[in-house]
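Fold and contact review
Listed here are the chains, written in short residue letters.
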Amino acid sequence: MLFVDAAACGRPPACPDCRWRGRRVHSTYRRNLSERPLGGHKLIVRLRVRRFSCDRKSCARRTFVEQVGRLTERYRRSSLGLKEWLTTVAVELGGRAGERLCRKLNLAAGRTRLVGLLEEPPAPGRAPRVLGVDEFAFRRGRRYGTILVDVEAGQVVDVLPHRTSETFAAWLTAHPGAEIICRDRASAYTKAIKEAAPDAMEIADRWHLLQNLSGAVEKTCHQHRPCLKKYAERGGDRLTQMPLVDALPPTRIVQRVLQHHAEVARMVAVGHPLSDIARRLGLDRKTVRRYRDTGLDHLLDSARDRRPEKLDAFKPFLQQQYAAGITNGRTLFQQIRERGFRGGYSTLTPYLRTLKAGTAPAAPADIPSPRLAL
């Protein structure tokens, strides 16, 4: 550890209360300030400062201590340079991760001190012209808050501790000026806007518009699967390059959907409210509402894993290469690896045996997934 002895010798400072410049030195004392490391060693500045008397009779303060510019500030035991370092670490990494980095850099700072350096940005007195509002999870499934964003500037305006209509309405009342409010489909936000900002125009944000469109396309694709399959078998340009829509496989997600749908239906029939069902099942209220209001067939269609089997997407290519005379297994394996296959060679060999025996079924034409159709 390195020590540097220094003494303040600048002009007498002004009283922090009445701004009367000090003239008489009351006493001196030494402050120990932690400074940024020097050569990998901890550095302590032992600074001797002066305490001045305030000679203004109307001032309640009797004495005050001088501060050294760009080095000290009141009640702080570290230099301003070290404070800037620690603040940067706290902003980038937070508490625990920042504490680990400080330990490696020989900076004496724990997670509590780092988090204490974070200052809440001042909230504007008025709401921005275009205000974006959405919920986020402090702890998923347990505690949610609301984030407010200036859509035009792309900056966070404020963070609310809850996602209730009362909290958002109180904020709108205290911060008038929003002309357009971009929100999600939460009914609580709609209620708050109608109460506190009735003249503001409500619009849906882009993400939810795309989600609604994707859901509509997905539902349409599921309803017209036979037609899409017939079109794909006739060779429909781009649609022939899309994943196969097949029967519903018994995946774990399907089993979970069946279980949740049955439990929600049973609890709704008994008379449990949505909040109680969500708490008992560990689900979000929106998820419970979807299980309650959506048919089981549509839930199962949405839950189906549309990803093809590891080798299925490459079977048309393998059949084409095999028909062209390329029958070496290692060569075919290398070719499909270059096209994105992530399985092992043992996955390929059973299919190669069926190709060699001539028993491999013709690769079916692909039909589009809702995402690609969109």
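Keep in mind it's a predicted model, so treat the numbers as computed, not measured. (Residues numbered from 1 in each chain as written. Predicted model: local features only at pLDDT ≥ 70, side-chain atom pairs only at ≥ 80, totals over all residues. Heavy atoms only, no water.)

1. Some details on the overall build of the protein
Selection rule: Elements are defined by DSSP. Helices are runs of H or I of four residues or more, strands are runs of E of two residues or more, and each kind is numbered from the N terminus. Note on classification: 1.4 Å probe, protein chains only; a residue is buried when its accessible area is under 20% of the maximum for its type, exposed when over 50%, partly exposed between these limits. Residues count as neighbours in contact if any of their non-hydrogen atoms are within 4.5 Å of one another. Residue exposure ignores everything except the shown protein chains as possible cover, and the areas themselves are Shrake-Rupley values with a 1.4 Å probe.
Along its length, the protein carries 15 helices and 9 strands. Looking at the 374 residues of the protein, the share that counts as buried comes to 33%. Of the contacts made within the protein by residues no fewer than 6 positions apart, 53% connect residues no fewer than 24 positions apart. Entry remark: accessible area of the protein is about 24,100 Å², with carbon and sulfur atoms responsible for 51%.

2. Quick look at the pairing of strand 9 (residues 201–204)
Keep this limit in mind: Here, a strand pair is defined by DSSP locating no fewer than two bridges between the strands. We call a crossover right-handed when, viewed with the strands running away from us, the connection from the first strand over the helix to the second turns clockwise.
Two strands pair when backbone bridges link them, and strand 8 (residues 180–183) and strand 9 are joined in this way by 4 bridges, in the parallel orientation. Within strand 9, the residue paired with isoleucine 180 across the bridge is methionine 201. Once you follow strand 8 into helix 5 (residues 187–196) and on to strand 9, the crossover reads as right-handed.

3. Describing unusual backbone geometry
Look at arginine 19: it is not a glycine, yet its phi comes out positive at around 65 degrees. Assignment of secondary structure puts arginine 19 in the loop between strand 1 (2–7) and strand 2 (24–38). Exposure remark for arginine 19: the relative accessible area of 57% places this residue in the exposed category. In this structure, arginine 70 takes a positive phi of about 65 degrees despite not being glycine. You can see arginine 70 is positioned in the loop between strand 4 (63–65) and helix 1 (80–93).

4. Thoughts on the side chain of histidine 261
Structurally, histidine 261 is set in helix 8 (residues 252–270). Residues contacting histidine 261, with those up to four places away along its chain left out, are Tyr291, Thr294, Leu296 and Leu299.

5. A few points about the packing of aromatic side chains
Applied cut-off: For this analysis, a ring pair means two rings from Phe, Tyr or Trp (six-membered ring only for Trp) whose centres lie within 6.5 Å, classed as stacked if their planes differ by under 30 degrees, edge-to-face if by over 60, and tilted for the remaining angles.
Counted according to the given criterion, the structure contains 6 aromatic pairs. Note on phenylalanine 314 and phenylalanine 341: the rings are 5.5 Å apart at their centroids and 80 degrees apart in plane angle, and the pair reads as edge-to-face. In this pair, phenylalanine 314 is assigned in the loop between helix 11 (296–303) and helix 12 (315–323) and phenylalanine 341 in the loop between helix 13 (329–338) and helix 14 (345–357), connecting sequence segments 27 residues apart. Phenylalanine 341 carries the same exposure label as phenylalanine 314, and that label is buried.

6. Observations concerning a positive patch on the surface
Where we set the bar: Only residues whose relative accessible area exceeds 30% and that form no salt bridge are eligible for patches; like-charged ones are grouped when within 9 Å, while nonpolar side chains (Val, Leu, Ile, Met, Phe, Trp, Tyr) are grouped when within 5 Å. Whenever Lys or Arg places a side-chain nitrogen within 4 Å of a carboxyl oxygen from Asp or Glu, that contact is recorded as a salt bridge. His residues and chain termini do not enter the charge count, which takes Lys and Arg as positive and Asp and Glu as negative. Think of each charge as sitting on NZ of Lys, CZ of Arg, CG of Asp or CD of Glu.
Where like charges cluster on the molecular surface, the positive patch consists of Arg96, Arg100, Lys104 and Arg111. Ranked by the residues each element gives to the positive patch, the list is headed by helix 2 (residues 96–104), at 3 residues.

7. Section: the pattern of salt bridges
Overall, the coordinates contain 18 salt bridges when judged by the stated rule. The partner of glutamate 66 in a salt bridge is arginine 50, with the nearest N and O atoms 2.8 Å apart. Of the two residues, glutamate 66 sits in the loop between strand 4 and helix 1 while arginine 50 sits in strand 3 (residues 41–53), which places them 16 residues apart along the sequence. Residues glutamate 66 and arginine 50 agree in their burial class; the two are buried. Where lysine 83 meets glutamate 73, a salt bridge forms, and the shortest distance between an N and an O atom there is 3.2 Å. In this pair, lysine 83 sits in helix 1 while glutamate 73 sits in the loop between strand 4 and helix 1, placing the two residues 10 residues apart along the sequence. Three or more residues joined by partner-sharing salt bridges are found here, namely Glu135, Arg163, Asp284 and Lys286.

8. Things to note about the pairing of strand 3
Here strand 1 runs beside strand 3; their pairing, made up of 6 bridges, is parallel. Across the sheet, alanine 7 pairs through a bridge with arginine 48, a residue of strand 3. As paired elements, strand 2 and strand 3 share 12 bridges and run antiparallel to each other. When the sheet's bridge partners are listed, leucine 38 is paired in strand 3 with histidine 41. Here 3 bridges tie strand 3 to strand 4, and the two strands are oriented antiparallel to one another. Following the sheet pairing, serine 53 is matched in strand 4 by threonine 63.

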